[in-house]
Structures are given as structure tokens and as C-alpha cells.
Amino acid sequence: YKIERKIHTTSRGLLVRSKSELAISEAFYKYEVPFRYEQVLEIGTYRVAPDFMPRNKRTGEQLYWEHCGMPENEEYMKHHKWKMNLYESVGIVPWKNLIVSYDGADGTLNIAELESVIKNKLL
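Residues numbered from 1 in each chain as written. Predicted model: local features only at pLDDT ≥ 70, side-chain atom pairs only at ≥ 80, totals over all residues. Heavy atoms only, no water.

In this section: the pattern of salt bridges. Applying the stated rule across the entire model yields five salt bridges. Salt-bridge contacts for Lys6 lead to Glu38; the nearest nitrogen and oxygen are separated by 3.2 Å. One end of the pair, Lys6, is in the segment before strand E1 (8–9); the other, Glu38, is in the loop between strand E3 (35–37) and strand E4 (41–43), with 32 residues separating them in the sequence. In terms of burial, Lys6 and Glu38 fall into one category: buried. Ionic pairing is found between Glu38 and Arg17, a salt bridge with its closest N-O pair at 2.7 Å. (Salt bridge = Lys/Arg side-chain N within 4 Å of Asp/Glu carboxyl O. Helix = DSSP H or I, 4+ residues; strand = E, 2+ residues; numbered from the N terminus. Buried < 20%, exposed > 50% of the residue type's maximum accessible area, 1.4 Å probe, protein only.)

With 16 residues, helix H2 (residues 74–89) should reach 22 Å at 1.5 Å per residue; the first-to-last C-alpha distance of 23 Å fits that figure. Those residues of H2 lying buried are Met77, His80, Lys83, Met84, Leu86 and Tyr87. Next to the buried residues of H2 lie E4, strand E5 (46–48), strand E7 (64–68) and strand E8 (98–102). For H2, the capping residue at the N-terminal end is Asn73, with a side-chain oxygen 3.1 Å from the backbone nitrogen of Glu75. A positive backbone phi angle near 85° is found at Gly91, which sits one or two residues after H2. (Expected span 1.5 Å × (residues − 1). Contact = heavy atoms within 4.5 Å. Polar contact = N/O pair within 3.5 Å; in protein donor to acceptor, adjacent residues only side chain to side chain.)

Quick look at the nonpolar core now. Counting residues in hydrophobic clusters, the biggest one holds 16 residues, and the most contacted among them are Phe28, Phe52, Trp65, Ile118 and Leu122. Counting residues per element, the ones that place at least two in this core are helix H1 (19–30), E3 and helix H3 (111–121). No other element matches the four residues that H1 contributes to this core. Setting aside residues no more than four positions away along its own chain, Ile118 makes contact with Ala27, Phe28, Tyr31, Val33, Trp65 and Leu123. Among the nonpolar cores identified, the runner-up in size contains ten residues, and Leu41, Met53, Leu86 and Leu98 belong to it. (Core = buried A, V, L, I, M, F, W, Y, C linked by side-chain atoms within 4.5 Å.)

Here's what the structure looks like:
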């Protein structure tokens, strides 16, 4: 999906779209969390790709992780909300099996918060 926009390379050679996705990938590596990046899912007639599909290391449970990198962009957020509704229609929901993280309005990212989520939800 939009391979030309994958311009950042992780320490293990994975191409990702943003510096935030780069940081999340590196945190997964740090904590040895198995994950897939942009694995295509078919939901009804739609094909969507969650940003990440990590596995809980203790239980093996498959989780989904969406990172919202442009919360100030109206069109981006419209699509983000559509995707969240589509996920909910098949039982992929926050606090159960979906993790949703956000960049700050100014483009900032809190690594400590991301690592806390990983420690609490995936280890």
C-alpha cells in the first residue's frame, strides 16, 4: 500500500511511513514484541491495513495498533474515524484488542508513553 511513501528504514530494514512508526517499530524490537506492519485485512468489501499487528508475548493474543500521526489534518482524521468504525464492526475495539496512539498536535511523540503501553499490553 503506497510503497512510495515508505521512506524511513528501521534498524532491521523495515520501511515505514513516518518517524513515529519508526519509533514504534524500534520499541517493538527493544522489547522483542513480534509484529507485522501494514498487514492487509479484508473486512467486508474493504481492504485495510492496520499500522501494526503485534502479539502479546505472554498470551500470544493478536492485537491491532493504529497510530494517528496527523491529528490536526481534517481529512486524515475523517479517514481515521472511518477506519475505527470499520474495525468496530468486526469486534476490533479499543481497550479490548485495539491500541490507538497519537502524535501531539505539533508532531511530538512521547516514547515513554509508547513504551508504557507496550509493557502493559504486550509483555
